[in-house]
Every structure is written in C-alpha cells, then in structure tokens.
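Descriptive structure summary
Here is what each chain is made of, one letter per residue.
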Amino acid sequence: MNKAPSLPQASPSTNAPNLPWLWMGVALLAHTGWGAYPVLARYLQTVSVIPSMALLGLGNLVGLLIFAPFVVRHLNWRFFKLPALWAFTLVVVMRALTNILAARFTLAIYVQLITLMTPLIVALLSAGIFREELPRGTWPAIGFSLLGSLLLMGGDIAGHMPSLMLSGTDLLGIGLALVSAIFLAVYMILVPRTVKDAVPADVILFIHLLMLGLTSGAISLLIGENWGRYTELGLKDWAVFLSFVLFVLLGSNLSQIVALRHLGAPMVSSTMAWRLVATLMLAALLLGERLSSLWQLLGAVIVIVTISLYLRHQQRS
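Residues numbered from 1 in each chain as written. Predicted model: local features only at pLDDT ≥ 70, side-chain atom pairs only at ≥ 80, totals over all residues. Heavy atoms only, no water.

Considering the overall build of the protein
Along its length, the protein carries 12 helices and zero strands. Counting from the amino terminus, helix and strand elements in the protein follow one another as α-α-α-α-α-α-α-α-α-α-α-α. Counting across all 317 residues of the protein, residues that qualify as buried make up 52%. By sequence separation, contacts in the protein at least 24 residues apart represent 88% of the contacts at least 6 residues apart. Split by element, the accessible area of the protein, about 14300 Å² in all, is 70% carbon and sulfur. (Helix = DSSP H or I, 4+ residues; strand = E, 2+ residues; numbered from the N terminus. Buried < 20%, exposed > 50% of the residue type's maximum accessible area, 1.4 Å probe, protein only. Contact = heavy atoms within 4.5 Å. Areas by Shrake-Rupley, 256 points an atom, 1.4 Å probe, with all protein chains shown as cover.)

So, in structure tokens, the structure goes:
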C-alpha cells in the first residue's frame, strides 16, 4: 500500500511539544519511504525475480508479525464491525495490487510520477462527483504537471525508449499506476465523508496489513506463483526485501501516522513532492534508472515545483 492509512480526522496534536521541524523531519522520512516503494518493488520483481503477489503477500504478513505484538492487546475489536472500515480496506487492497504490478511493468520513476498526480485526481473527482468547487489553480497545475511529465518521459532512462515509442509493458505499467492513483484518490475522498467513528490508526494499519497479506497471498497461490524463489535469494535480495518491509510497509506507515498526529494532514501532504526526489535518487543507485538529459531534469523540476505549490496553496486555504 503506497499510501499510508491516515487518521480519518487527523489534526495537529494540542498536547504534543511544539517541535514542528522534528515532525516535519518525520513526515519527510515517511515520504522518503513511499518514494522508495516503487524502486524496491521493481528491484524485487525484476532483479530478484520474486512473483508480484508472493512479494506483496509475504511482505505484508512479515510486517504484520512485527507490528501485531505491539498493538494486539490494545485493539478495540468493535471497530472491526464497521462496514466503512472494510470498504476502505477493499480500496486499499486494489490500490496495493495495481501499484505493485505497475512497478513490475514500467520504470519506478514513471510510477511515482503518476502517484504525484493524486491530489489533482482528488480535486477532479470531488468536483465531478460531489459538485464541489474546483480548487483554485487546479487546471494550471494539471497543465504544468503534464508538461513536466512529457519532458521527463521524453528521453532515454536506463536504455528505455523515448515516451513516443514506449513499449507495451511500459504502457501497461503506466496504466496500472494511473488506476492505482485513482483508487488512492477515492480512498482520500471517502474517508472524511463516511467514517463517523474516529478509528485509531493502529486498527487501520493492522487490518490493512492483515487483509493485504491474506488477499495477495491467496491470489498468489491461486495463480500458482513460485514461492520457492525465496529459497534462492542472495544476501542483497534479502536486504532489499527487509528494507521493503521495515522501511516502507512499517516505517513509512508509522512515520506518517506520527506526523499526521502532530502536524495534520494538509501540512504532511504539502511535502509530498519529495517522493519523486527520493525515487530519482534511489532508482539511480539501485536500478540504474537515471535522467539522461537536461530536458528530463527540467521536467522533474517542473513537476516537483508544481505539485509543491499546489499543495501549499491547498494547505493555506
């Protein structure tokens, strides 16, 4: 799950010490983990050759085994009877399935690029479905984001063809990333509209890890994926897998929850563009996916600046 499940009514803590820079650091740590997600997921699927559903299944179940001992005694099981929680869980499962597959079929940079468009998708869906007023600056932000994306995808990255000649697998991966971003946008829209009870973050994280592990594991067994691949992994593969579980599935989730409690959702979201920076750096180191021209660098800067300014404006509004 590329988006951490947030508190339905997240707001800055009134009892916490006034340490905004500390909590902003925690928020950036969470965004760094989500920036690493498509890189680590792509490496494990294309280099370590772990089947997609087997990766998602074992990763979430290992995360659950680590997380459960700290929270299971404090869980209020009445929350598990809420239909809305299970509806959100279904959306998160679909988001995670499409996101992990997107990282298998196309570059990690492209996957993260599509994910950054989520706030714009939220604005469009809210205006189209709920007739809300479109936030100021949405259309210019969409225009500049598309321009930056075309520049970024218009050159050669790690031997891949320019965007006008994208392979069929690249197009499939980009399509899956777009569907995944739409699921994430739906989740972000539904949470404040339908959840009446303030479901604790640990309950949300627990049920999501559990259902993602069980669902993807069941799909993996149903389609006959080879789990024996785990017995053939080397030390580097296991190091990347453990980083995926500890740093992303657990660390980023928990870091974002802590940041949300002290800063609130608008402030945490305002630094979302850092994810693309993290993806660019880690993809170059781990996958050899590097920007090859100044035009691509300009495209990346345009996207980062556009999304940052758009989210800052939403925060102030």
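Additional details are given in the paragraphs that follow.
Regarding a nonpolar patch on the surface
A cluster of nonpolar side chains, namely Leu294, Leu297, Val301, Val305 and Leu309, defines an oily patch on the protein surface of about 490 Å² accessible area. Locating Leu297 in the fold gives a position in helix α12 (residues 294-316). Among the residues examined, Leu297 registers a relative accessible area of 44% and is labelled partly exposed. (Patch = residues over 30% accessible without salt bridge, like charges linked within 9 Å, V, L, I, M, F, W, Y side chains within 5 Å. Salt bridge = Lys/Arg side-chain N within 4 Å of Asp/Glu carboxyl O.)

Details of the environment of Phe241
Counting through the fold element by element, Phe241 comes out in helix α9 (residues 235-263). Under the relative-accessibility criterion, Phe241 is labelled buried at 1%. Along the chain, Phe241 and Leu55 lie 186 residues apart, while their C-alpha atoms are 8.6 Å from each other. In this structure Phe241 touches Leu44, Leu55, Leu58, Gly59 and Tyr230, once residues within four positions along its chain are discounted.

Observations concerning the packing of aromatic side chains
Inspection of the entire model under this criterion finds seven aromatic pairs. Between Trp227 and Tyr230 the ring centres are 6.0 Å apart and the planes differ by 50 degrees, which places this aromatic pair in the tilted class. Look at Tyr230 and you get buried, because its relative accessible area is 8%. Through successive ring pairs, a cluster of aromatic residues spans Trp227, Tyr230, Trp238 and Phe241. (Phe/Tyr/Trp six-rings, centres within 6.5 Å; stacked < 30°, edge-to-face > 60°.)

A few points about the pattern of salt bridges
Scanning the entire structure with this criterion turns up two salt bridges. Arg42 serves as the salt-bridge partner of Glu289, at 3.0 Å between the closest nitrogen and oxygen. Here Arg42 lies in helix α1 (residues 20-46) and Glu289 lies in the loop between α11 (274-286) and α12, a separation of 247 residues in the sequence. Since its relative accessible area comes to 3%, Glu289 is described here as buried. A salt bridge links Arg229 to Glu232; the shortest N-O distance between them is 2.9 Å. Take Glu232: its relative accessible area is 49%, and that puts it in the partly exposed class.

Some words on the packing of helix α6 (residues 138-153) against α12
It is the contact of α6 with α12, at a shortest axis distance of 7 Å, that shows an interaxial angle of 155 degrees. The orientation of α6 with respect to α12, classified from their angle, is roughly antiparallel. Regarding α6 and α12, the two cross each other, and that crossing is left-handed. Here α6 contributes Thr138, Ala141, Phe144, Ser145, Leu147, Gly148, Ser149, Leu151 and Leu152 to the contact with α12, which in turn contributes Trp295, Gln296, Leu298, Gly299, Ala300, Ile302, Val303, Thr306, Ile307 and Tyr310. For the contact of α6 with α12, the class distribution of residues is 12 nonpolar, seven polar and no charged. (Axes fitted to C-alpha atoms, helices over the stretch in contact; angles between N-to-C directions. Parallel < 35°, antiparallel > 145°, perpendicular 65-115°, else oblique. Left-handed = near helix turned anticlockwise from the far one by under 90°. Nonpolar A, V, L, I, M, F, W, Y, C, P; charged D, E, K, R; others polar.)

A closer look at the layout of surface pockets
Of the voids in this model, the second largest pocket is the one considered here, and its volume is about 300 Å³. Top contributing element to the lining of the second largest pocket by residue count: α6, with six residues. (1 Å grid on protein atoms, 1.4 Å probe; cavity = no way out; pocket = protein on both sides within 12 Å on 5 of 7 lines; lining within 4 Å. Points joined across faces, edges and corners; volume = space filled by probe spheres on them.)

Overview of helix α2 (residues 52-71)
In this model α2 runs 28 Å from its N-terminal to its C-terminal C-alpha over 20 residues, within 8% of the 28 Å that 1.5 Å per residue would give. The sharpest bend along α2 measures roughly 30 degrees and falls at Leu65, with the proline Pro69 sitting one to four residues further on. (Expected span 1.5 Å × (residues − 1). Bend = angle between axes of the 7 residues up to and from the residue.)

Digging into the nonpolar core
If you look at the biggest cluster of nonpolar residues, it comprises 87 residues, and the most contacted ones within it are Tyr37, Leu55, Ile100, Phe206, Phe244 and Leu276. The dominant element in this core, judged by the number of residues it contributes, is helix α3 (residues 83-105), at 10 residues. Here Leu276 is in contact with Ile109, Gln112, Leu113, Leu116, Ala300, Val303 and Ile304, once residues within four sequence places are set aside. Met24, Val26, Ala259 and Leu263 belong to the second largest nonpolar core, which has seven residues in total. (Core = buried A, V, L, I, M, F, W, Y, C linked by side-chain atoms within 4.5 Å.)

Describing the packing of α2 against helix α8 (residues 201-223)
One can describe the packing of α2 onto α8 by two numbers: an axis separation of 8 Å at closest approach and a directional angle of 150 degrees. As far as their axial angle goes, α8 and α2 are roughly antiparallel. Here the hand of the crossing between α2 and α8 comes out left-handed. Contact residues: Met53, Ala54, Leu56, Gly57, Asn60, Leu61, Gly63, Leu64, Phe67, Ala68 and Val71 in α2; Asp202, Leu205, Phe206, Leu209, Leu210, Leu212, Gly213, Leu214, Ser216, Gly217, Ile219 and Ser220 in α8. Residues that form the contact of α2 with α8 fall into these classes: 15 nonpolar, seven polar and one charged.

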